[in-house]
Amino acid sequence: MDCELTAFDMAIHRVKPLTDEKDKKECVSILVEDSLPALLDYGVQKKCFSQDDADIFSIFIPKFYSYDEPTYWEEDIEMREKLENAMGIDEETFEKYSY
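Quick summary incoming for the structure in this document. (Residues numbered from 1 in each chain as written. Predicted model: local features only at pLDDT ≥ 70, side-chain atom pairs only at ≥ 80, totals over all residues. Heavy atoms only, no water.)

**Quick notes on the overall build of the protein**
What the protein contains, in helices and strands, is six helices and two strands. The helix and strand sequence of the protein, counted from the amino end, reads α-α-α-α-β-β-α-α. Computed over the C-alpha atoms, the radius of gyration of the protein is 14 Å, within 12% of the 13 Å expected from 2.2 N^0.38 for a compact globule of 99 residues. Counting over 99 residues, the protein shows a buried share of 35%. In the protein, the share of contacts with a sequence separation of at least 24, taken over all contacts with a separation of at least 6, comes to 65%. (Helix = DSSP H or I, 4+ residues; strand = E, 2+ residues; numbered from the N terminus. Rg over C-alpha atoms; globule rule 2.2 N^0.38 Å. Buried < 20%, exposed > 50% of the residue type's maximum accessible area, 1.4 Å probe, protein only. Contact = heavy atoms within 4.5 Å.)

**A few points about a negative patch on the surface**
A surface patch of negative charge is lined by E81, D90, E91, E92 and E95. Sort the elements by how many residues they give to the negative patch and helix α6 (residues 91-97) lands first, with three residues. Along the chain, E92 falls in helix α6. (Patch = residues over 30% accessible without salt bridge, like charges linked within 9 Å, V, L, I, M, F, W, Y side chains within 5 Å. Areas by Shrake-Rupley, 256 points an atom, 1.4 Å probe, with all protein chains shown as cover. Salt bridge = Lys/Arg side-chain N within 4 Å of Asp/Glu carboxyl O. Lys, Arg positive; Asp, Glu negative; His and termini not counted. Charge placed at Lys NZ, Arg CZ, Asp CG, Glu CD.)

**Looking at the environment of V44**
Mapped onto the elements, V44 comes out in helix α3 (residues 36-45). Overall, the relative accessible area of 24% leaves V44 in the partly exposed class. Separated by 15 residues in sequence, V44 and I59 have C-alpha atoms that sit 16 Å apart. In contact with V44, other than residues within four places in its own chain, are F49, S50, Q51 and A54.

**Quick look at the packing of helix α2 (residues 21-33) against α3**
At their nearest, the axes of α2 and α3 sit 9 Å apart, and the two run at 160° to each other. Relative to α3, the element α2 is oriented roughly antiparallel. In terms of crossing hand, the pair formed by α2 and α3 is right-handed. Facing D23, E26, C27, I30 and L31 of α2, the residues of α3 in contact are A38, L39 and Y42. (Axes fitted to C-alpha atoms, helices over the stretch in contact; angles between N-to-C directions. Parallel < 35°, antiparallel > 145°, perpendicular 65-115°, else oblique. Left-handed = near helix turned anticlockwise from the far one by under 90°.)

**A look at the nonpolar core**
The biggest cluster of nonpolar side chains holds 25 residues, and the ones touching the most others in it are V15, L39, F49, F57, L83 and M87. Those elements that place two or more of their residues in this core are α1 (7-13), α2, α3, α4 (51-60) and α5 (77-86). (Core = buried A, V, L, I, M, F, W, Y, C linked by side-chain atoms within 4.5 Å.)

**Considerations on unusual backbone geometry**
Backbone geometry at K47 places phi at a positive 65°, although glycine is not the residue there. Looking at K47, the relative accessible area reads 64%, which means it is exposed.

See below:
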């Protein structure tokens, strides 16, 4: 049997979206002003996903460019957007709450 799903795919499938507008607004604020770890902490706090899934996201979303510079990384935009969308933050919601 060929495996076609990654741990990221399995974790993203389990994400529960934010339903409260106040929570969505706060999430957008974190997206604009803070870091990936803050977003993951918020997702766990709001029960969008488990800490185990947050750990998976923290492994798959960062992209490193050098073995010599392990402290420099950027986010994989496509994976970050998948997480945001799964959390209920689509482009329209982002525009609505990012002033």
